[in-house]
Amino acid sequence: MKIGTLLIHNGHETDKALGIPTGALGTPVYQTSTFEQSDFFKSGKTQEFDYARSGNPTRKALEETIAALEVGSRGYAFSSGIAAVSSALGIFSTGDHIIVAEDIYGGSYRMLNTFYKRWGLEHTAVDTSNPDNVREALKPNTKALFLETPSNPLLKITDLRACFDIAHSAGLIILVDNTFMTPYLQRPITFGADIVIHSATKFLGGHSDVISGLAVTRTEELGKRLFAVQNGFGAVSGPWDCWLVQRGIKTLKVRLDTQQNTAARLAFWLKEQPNVEAVYYPGLVEHMGRSVHEAQADGTGAVLSFKTRTTEQALHFLAKTELAAVAVSLGGVETIASYPVRMSHAAIPPVERARRGITDTLIRISAGLEDCDDLIADFSKALE
Ligand SMILES: *Cc1c(COP(=O)(O)O)cnc(C)c1O
């Protein structure tokens, strides 16, 4: 079955998978904290659900859905994408070392540099677009490799297979943040990742109306370890939020197909604009990682970034665009323009930002579902 069909037919197309025989096409929202257990005292019969932090049927439907989509064994839903990241990192111990992509999501980077640093989880951040850097960062206590591709905000590509080879021969656990691609476009477990993480706040939820996170493990064993953190840390996704994400997933294909076409058209158009200095999008022929990306993903996604020639032009664009919401986040039905130096990457020291090419002229666009002609007309005015 192709992934487009699996988005709809993944076992949870009715409530029967939850053991309820109504045939309802919508997953019921179990807004409950606990479950009656009197049968146990009458007949000794144990039951699947006892307390809603440990398990909730609405959450289970979403967790099984994302596990099926990512071709893994177990799925877990968290209260945010960053809760999914921090819970996944929670399977490691004090004294362990992990290698991370240097342009990993800012919040993940902050978590490693503050919270986990205090707890004694060491890390080395490297430019993973060159796999040799991963090999060079290996230490005797290295336990994991944490990747994200395409990266944010410059859409740099990491060769997953090449990095996985290095990680596998060193016995590392491989984590991939797959938020930008979603399982519709990229399924890292199919070529060897151990844990795939999502901010479901983005494309999976898709409507800028929920904060949620997901993680899928390749094996049952890792699933058990991650469940221990989910249940023990307790950063679970609530039933309404799970329901919203589950509903969002049903339309992922049509949204992403359209958003991706729009992103590609915007990238080609932006390249021709006199006030635009550079455009970053894996769909452009000149994009450095294009062939690697094509070998590991089914599409180029709906996020791009570009640099204007001057800072004034960038600020002018953000002030003048009427159709793009100037905001953090991405993946919603509305086009979002963000300004990394002041938003997502503001916490990175200016010197380090400059080294990574995150300049005052850089704008990131998440293409929405508006008519692309209107977006081009709006951007055209904003770039004047
Ligand atoms: C937004 C985002 C996160 C964090 O997710 P939240 O839902 O905001 O906590 C993690 N990784 C990536 C790639 C993101 O874009």
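Since the model is a prediction, treat every value here as computed from it, not as a measurement. (Residues numbered from 1 in each chain as written. Predicted model: local features only at pLDDT ≥ 70, side-chain atom pairs only at ≥ 80, totals over all residues. Heavy atoms only, no water.)

## Some points on the overall build of the protein
Next, step 1: The helix and strand tally for the protein stands at 16 helices and 12 strands.
Next, step 2: Over its C-alpha trace the protein gives a radius of gyration of 21 Å, about what one expects of a compact globule, namely 21 Å for 384 residues.
Next, step 3: Each of the 384 residues in the protein was classed as buried or not, and the buried ones make up 55%.
Next, step 4: Put simply, of all contacts in the protein between residues at least 6 apart along the chain, 71% involve residues at least 24 apart.
Next, step 5: In the structure as shown, the protein presents an accessible area of about 16,100 Å², 54% of it carried by carbon and sulfur atoms.
Next, step 6: Once the 37 positive and 42 negative side-chain charges of the protein are each reduced to a mean point, those two points are 3 Å apart. (Helix = DSSP H or I, 4+ residues; strand = E, 2+ residues; numbered from the N terminus. Rg over C-alpha atoms; globule rule 2.2 N^0.38 Å. Buried < 20%, exposed > 50% of the residue type's maximum accessible area, 1.4 Å probe, protein only. Contact = heavy atoms within 4.5 Å. Areas by Shrake-Rupley, 256 points an atom, 1.4 Å probe, with all protein chains shown as cover. Lys, Arg positive; Asp, Glu negative; His and termini not counted. Charge placed at Lys NZ, Arg CZ, Asp CG, Glu CD.)

## Focus on the sheet that holds strand S5 (residues 173-177)
Next, step 1: With mixed pairing, 7 strands are arranged side by side in an open sheet as S1-S7-S6-S5-S4-S2-S3. At either end of the open sheet lies a strand with only one pairing partner, and these are strand S1 (74-78) and strand S3 (122-126). Along the sheet, successive strands turn relative to each other by an average axial angle of 20°, direction set aside.
Next, step 2: Bridging between S1 and strand S7 (residues 213-217) involves 5 bridges; their strand directions are antiparallel. Along S7, the bridge assignment pairs tyrosine 76 with alanine 215.
Next, step 3: Of the strands in this sheet, S1, S5, strand S6 (195-199) and S7 are in contact with helix H10 (residues 220-233), which crosses S1 at around 20°. (Pairing = 2+ DSSP bridges. Axes fitted to C-alpha atoms, helices over the stretch in contact; angles between N-to-C directions.)

## Some remarks on the pattern of salt bridges
A side chain of one charge can pair with a side chain of the opposite charge when the charged atoms of the two come close.
Next, step 1: Scanning the entire structure with this criterion turns up 16 salt bridges.
Next, step 2: In this structure, glutamate 352 and arginine 355 form a salt bridge, with 2.9 Å as the shortest nitrogen-oxygen distance. Placement of both glutamate 352 and arginine 355 in helix H15 (residues 350-355) is noted, with a separation of 3 residues, approximately one turn of the helix.
Next, step 3: Look at arginine 355 and you get exposed, because its relative accessible area is 53%.
Next, step 4: The network of salt bridges with shared partners includes Glu102, Glu352, Arg355 and Arg356. (Salt bridge = Lys/Arg side-chain N within 4 Å of Asp/Glu carboxyl O.)

## Some thoughts on the environment of tyrosine 116
Next, step 1: Residue placement: tyrosine 116 occurs in helix H6 (residues 115-118).
Next, step 2: The sequence separation of tyrosine 116 and phenylalanine 92 amounts to 24 residues, and the corresponding C-alpha distance is 10.0 Å.
Next, step 3: Those residues in contact with tyrosine 116 that sit more than four places away from it in its chain are Ser86, Leu89, Gly90, Met111 and Leu121.
Next, step 4: Side-chain polar atoms of tyrosine 116 contact the backbone nitrogen of glycine 90, separated by 3.3 Å. (Polar contact = N/O pair within 3.5 Å; in protein donor to acceptor, adjacent residues only side chain to side chain.)

## Some points on the site of the ligand
Next, step 1: The ligand sits among Ser80, Gly81, Ile82, Tyr105, Glu148, Asp177, Thr179, Phe180, Ser199, Thr201, Lys202 and Ser212.
Next, step 2: Serine 199 has a polar side-chain atom sitting 2.9 Å from an oxygen atom of the ligand.
Next, step 3: For the ligand, an oxygen atom lies 2.7 Å from a polar atom in the side chain of lysine 202.
Next, step 4: When the ligand is considered free in solution it has 380 Å² of accessible area, and contact with the protein chains removes 92% of it.
Next, step 5: The cavity where the ligand resides is the largest pocket. (Near = heavy atom within 4 Å. 1 Å grid on protein atoms, 1.4 Å probe; cavity = no way out; pocket = protein on both sides within 12 Å on 5 of 7 lines; lining within 4 Å. Sits in = over half its atoms within 2 Å of the grid points.)

## Some points on the domain arrangement of the protein
Where the parts come together, the accessible area they lose is often given as the size of the interface.
Next, step 1: Here the protein is described as being made up of domain 1 (3-250) and domain 2 (252-383).
Next, step 2: Between domain 1 and domain 2, the residue contacts involve 36 residues of the former and 41 residues of the latter.
Next, step 3: When the two sides are added together, the surface that domain 1 and domain 2 hide from each other amounts to roughly 3,100 Å², 61% of it contributed by carbon and sulfur.
Next, step 4: Looking at the side of domain 1 facing domain 2, the largest losses of area belong to Leu154, Leu185 and Phe203, adding up to 23% of the total buried there.
Next, step 5: Along the contact surface separating domain 1 from domain 2 lie 2 salt bridges.
Next, step 6: Residues aspartate 298 and arginine 187 are paired through a salt bridge, measuring 2.9 Å at the closest nitrogen-oxygen approach.
Next, step 7: For the pair domain 1 and domain 2, the interface holds 19 residue pairs in polar contact (both at pLDDT 80 or more). (Domains from an automatic or database assignment. Buried area = accessible area lost by both parts, 1.4 Å probe.)

## Some details on empty space enclosed by the protein
Next, step 1: Counting across every chain of the model gives 3 cavities of 30 Å³ or more.
Next, step 2: Forming the walls of the largest cavity are Glu102, Asp103, Ser151, Asn152, Pro153, Leu154, Lys156, Arg356 and Ile358.
Next, step 3: Split by residue class, the lining of the largest cavity holds 3 nonpolar, 2 polar and 4 charged.
Next, step 4: Looking at the second largest cavity, its volume works out to about 40 Å³.
Next, step 5: Asp103, Asp127, Thr128, Ser129, Glu148, Ser151, Lys156, Ile157 and Thr158 are the residues that line the second largest cavity. (Points joined across faces, edges and corners; volume = space filled by probe spheres on them. Nonpolar A, V, L, I, M, F, W, Y, C, P; charged D, E, K, R; others polar.)

## Quick word on helix H3 (residues 57-69)
Given 3.6 residues per turn, any residue in an α-helix points the same way as the ones three and four places further on.
Next, step 1: Taking 1.5 Å of rise per residue, the 13 residues of H3 would be expected to cover 18 Å, and the 18 Å separating its terminal C-alpha atoms lies within 8% of that figure.
Next, step 2: Counting buried positions over the 13 residues of H3 gives 11, a clear majority of the element.
Next, step 3: Valine 71 sits one or two positions beyond H3 and adopts a positive phi of about 55°. (Expected span 1.5 Å × (residues − 1).)

## Focus: the layout of surface pockets
Next, step 1: Roughly 690 Å³ of internal volume is contained in the largest pocket.
Next, step 2: What lines the largest pocket is a set of 31 residues, and nearest its centre among them are Tyr105, Gly106, Gly107, Arg110 and Ser344.
Next, step 3: Of all the secondary structure elements, the ones that give two or more residues to the lining of the largest pocket are helix H4 (81-89) and helix H5 (106-113).
Next, step 4: Here the lining of the largest pocket takes 4 residues from H5, the largest share from any one element.
Next, step 5: In the lining of the largest pocket, the residues fall into 13 nonpolar, 11 polar and 7 charged.
Next, step 6: Looking at the lining of the largest pocket, you find at least three residues from each of domain 1 (3-250) and domain 2 (252-383).

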